[in-house]
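Each chain, written out:
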Amino acid sequence: MRARDIACVALTLITTAAAADSPGVIGLPGQGVTLLDGLRTLREDWGSVTLRVECEGQVETATAPTSPLPERVYACRSAGRAGPCEVEALLFRAPTDPRPCDAIRATIRNRSQAATKARLIIAHEASTQGLALSLGGLNAGARMLIALPEYGKPTLPMNAWGLASGAGPLPGWASPNEPCDPAFRNIRVGWRGEPITYRFRVEPKGVRTVALGVCESHWDIPKQRPLILQVEGAADVRVDPIADWGRHVPRCIGFQAGDVDGDGMLTVTSITPADAPDRNSILNAIWVFAANASEDLEAVKRGERTAAAEYYVDCGGDKDPSLYAVGDITYDLDLPPGASRTLTFLVACAGATAPEGLPDEGSADRLWGQTKALWDEWFAQGSSIGLPDQDVQATLDASLAAIAMLRGQASKYLIPLPTPAGDSFSYPAACDITQALDLTGHHREAEGCLLMLWDSNLPQPIARWGQQEDGAWPCPEGYWGAQGRVLSALASHYLLTRDRAWLQQAYPSVRKGTDRLIAALAEHGGRLPEPAAARPGCGPNVWAARALAGASSMTSALGKADDVQRFAQAARSLPAEATAPTGGIEALRECMEGRSWQGFLGTEALPDAGAGARFVLALRDMLVDETDGEVRLLAGVPSEWLSGEGGVAVDHLPTTFGPLSFRARLTEPKVLKVAVTPSPRLRAVTIALPFPAQVRAVGVTPPSRVQLTKDGRDLRLTLAERPASVIVDAR
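In short, a report on the structure. (Residues numbered from 1 in each chain as written. Predicted model: local features only at pLDDT ≥ 70, side-chain atom pairs only at ≥ 80, totals over all residues. Heavy atoms only, no water.)

Here we look at the overall build of the protein chain
Condition: Think of it this way: any DSSP run of H or I at least four residues long counts as a helix, any run of E at least two long counts as a strand, and we number them from the N terminus. Partly exposed describes any residue whose relative accessible area lies between the buried limit of under 20% and the exposed limit of over 50%, with all areas from a 1.4 Å probe on protein chains only and scaled to the type maximum. Whether two residues are in contact is decided by their heavy atoms: any pair within 4.5 Å suffices. Using a 1.4 Å probe, the Shrake-Rupley method yields the accessible areas, and only the shown protein chains count as cover for residues.
Helix and strand counts for the protein chain come out as 15 helices and 40 strands. Seen through its C-alpha atoms, the protein chain measures out along the principal axes to roughly 110 × 70 × 45 Å. In the protein chain, buried positions account for 56% of the 731 residues. Look at the contacts in the protein chain between residues 6 or more apart in sequence, and 70% of them connect residues 24 or more apart. Element-wise, carbon and sulfur atoms account for 50% of the exposed surface of the protein chain, whose accessible area totals about 29,700 Å².

So, the side chain of Thr686
Heads up, the rule is: Distance and chemistry together define a polar contact, namely a pair of N or O atoms within 3.5 Å, with one atom able to donate a hydrogen and the other to accept it when in protein, and with adjacent residues in sequence counting only for side-chain atoms on both sides.
Along the polypeptide, Thr686 turns up in strand E36 (residues 684–688). At a separation of 3.4 Å, a polar atom in the side chain of Thr686 contacts the side chain of Glu630. The contact partners of Thr686, leaving out residues within four places of it in the chain, are Glu630, Val631, Arg632, Leu633, Asp714, Leu715 and Arg716.

Quick look at the pattern of salt bridges
As a reminder, the rule being used: A carboxyl oxygen of Asp or Glu within 4 Å of a side-chain nitrogen of Lys or Arg is what we treat as a salt bridge.
Inspection of the entire model under this criterion finds 38 salt bridges. One salt bridge connects Glu304 with Arg302, and the closest N-O pair in it is separated by 2.8 Å. With its nearest N and O atoms 3.4 Å apart, the salt bridge here joins Arg516 to Glu523. When its relative accessible area of 52% is taken as the criterion, Glu523 is described as exposed. Via salt bridges that share partners, Glu178, Arg251, Glu298 and Lys301 belong to a single interconnected network.

Some thoughts on helix H5 (residues 390–406)
What sets the pattern is the α-helix's 3.6 residues per turn: residues three or four places apart point alike. Counted only if it meets this: Here the expected span of a helix is defined as 1.5 Å times the quantity of residues minus one.
Between its terminal C-alpha atoms H5 stretches 24 Å, which fits the 24 Å expected from 17 residues at 1.5 Å a residue. Of all 17 residues that make up H5, 14 are buried, and the element is covered over most of its length.

Looking at the sheet that holds strand E37 (residues 697–701)
Defined as follows: Strand pairing is assigned whenever DSSP identifies at least 2 bridges connecting the two strands. To obtain each axis, a line is fitted to C-alpha atoms, and for helices this fit is confined to the stretch in contact; angles are then taken between N-to-C directions over 0 to 180 degrees.
Across the sheet, six strands lie side by side as E28-E33-E34-E35-E40-E37; this open sheet has antiparallel pairing. Every other strand in the sheet has two partners, leaving strand E28 (384–386) and E37 as the edge strands with one partner each. Each neighbouring strand pair of the sheet contributes to a mean axis angle of 10 degrees, computed without reference to strand direction. Note: E37 against strand E40 (residues 724–729), five bridges, orientation antiparallel. Looking at the pairing, Thr701 lines up with Ser725 of E40.

Digging into the sheet that holds strand E14 (residues 161–163)
Taken in spatial order, the five strands make up an open sheet running E14-E17-E22-E19-E20, and their pairing is antiparallel. One side of each edge strand has no neighbouring strand; the edge strands of this open sheet are E14 and strand E20 (237–239). Neighbouring strand axes in the sheet, compared pairwise and without regard to direction, differ in orientation by 15 degrees on average. Pairing of E14 with strand E17 (residues 196–201), which is carried by three bridges, proceeds in the antiparallel orientation. Of the residues in E17, the one forming a bridge with Gly162 is Arg199.

Topic: the packing of aromatic side chains
Rule in force here: Centre distance within 6.5 Å is the pairing criterion for rings of Phe, Tyr and Trp, where only the six-membered ring of Trp is used; planes under 30 degrees apart are then read as stacked, over 60 as edge-to-face, and the remainder as tilted.
Counting across every chain of the model gives eleven aromatic pairs. Ring geometry for Phe184 and Trp287: centres 6.1 Å apart, planes at 40 degrees, overall tilted. With Phe184 in the loop between strand E15 (168–170) and strand E16 (187–190) and Trp287 in strand E24 (residues 285–289), this pair connects stretches of sequence that are 103 residues apart. Among the residues examined, Phe184 registers a relative accessible area of 0% and is labelled buried. Measuring from ring centre to ring centre gives 5.9 Å for Trp287 and Tyr312, while their planes differ by 40 degrees; the resulting arrangement is tilted. Here the residue Trp287 occupies a position in strand E24, and Tyr312 occupies one in strand E25 (residues 311–314), the gap between them amounting to 25 residues. A relative accessible area of 0% places Trp287 in the buried class. Here Tyr312 falls in the buried class, since its relative accessible area comes to 14%. Three or more aromatic residues joined by ring pairs make a cluster, and in this case those are Trp161, Phe200 and Tyr311.

Okay, structure coming up:
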């Protein structure tokens, strides 16, 4: 079976499995992924968030997304209808500061000629304890989980009293130095100028006596954290706890308060002034007593009047509920005929905290624009491959996206992780990923991934994956193929980039690793042990042969004659079958055997960057194969691609001879047109012909030497000038 035939079978299997109803994940380059459960549910590290829409008694059911990878952004776009309303939802990862978070953006349009009411629901399930709900969003302690937009007011289930802001609890923070109520040991903190706000249900226009407790246990000098204490119906009071009464000293401040606006709620707030060096406001305790009560503030401070209080708040302690009961967050929308509303919710993804809402609807639009720009920038850094088969094109884009999203980082080191699991690193997958990046023009990312393989000063915890003192890259179970694979990936990077400065830095590791490989060959009688499950042509001896050839090339480039001789001698000692060339055909076979490609496009599993890399490597071999030391175009490309609209278009694809661009298409069933723009170092290319019929004529512009193989299946073109255009006529 020819490479082209194998390619057709492999890609049929791959793209059929990849055509899923949902992309399954959302993410950003280098920022990980979030799993989707269906089209409207995000699965975060703390729980789940689901978007629902209801209108006129009907619950909207989302349809399949408009594209598995809309606009080459790893996002999920879906549509649906509820009564007269059309619903569009977009789930994506947003580049918020300081860390990205996930976003749910919903647009509801009234398509009827009459006004209607729609309800947008954000349902959430959390495994986290101590949740608090406010108009700013849902939070757990100091971590905001769901940030609600500031340009829409939700309906939230409410308790009689409690915290109405996102301030975080710090139990046991304070150290009062005199007898006092236990609440003085705990605080709520309004981070970075956020107000600490509590509300209490009273009769409309009702009046109360309020005492606020404060104990500053961090600062020991004045003017660092002044506080403005605000109680509805009373004048604001500004205090400087250190200047006014001292560090660790508990104090109560009294207010005669009232429900001024008549909404049946009394509001209490602690906030720092804008000129405060420390903008983190604090509050320890609140007592709300009957109207015009004459309370001894010293007795209140000692806890002797707590039982008499209508409401008592141990801020940050046990008696500190949220004003809002945890439940569905709903927005009731009035929609005139033809009108629409768009709301965006930010959701904390793994390890991140959602920001405190969005200032306006325009900022939500900008976040989506920034997300698209980041993806556009990442893809633009590499080569361009255009295919008429949209399923295969989408699979290629998704494969590269999986690599981009799952690439981790520790300091300056990029970590090519095959899956989102924290301990999923493997040398074979890392080498596949790195070479996939290099072979598609993402040299900077590949270089960052290789750094952890040759640098000798790795930080923890990635040091265990670096090169050991004896030169080995220790693969579990003693699989020696890892040694050859790492050396081959290092060699491939140099041969594709010809970056001599990088090679000089990496060469000490290359030399040490090659010497360890040669020693291992000697220890095992000249042939490395083959694992029982090794596929033909892919075992450790094949990788050893490739590694020694690559090491010889790198050594020769640096003019180290002694090393060249040693490496060449070791390569000659390998058994003949180990040096047999393996290229695109083996890569395609590997794609076909036991691999589920839903790992990076489907809904059943998280992305698999290792699987994506294998797809990229296989596709690259189909387009450009360098197995035998020459550049062979279209070796595995099916004729259906060439006859499709636009044919095959490749720009700036790296080869060991420099970057290569070409266009290939069948203008008629037996007429092939190829335009080639190679680098100056590429003197000749071989073109695999897509038809078995006898070639009748070959035209080259400008005139160049051409030669057909004896079987008439390949055409060798000597490139006298650049670019060159070839027309092969087999009619």
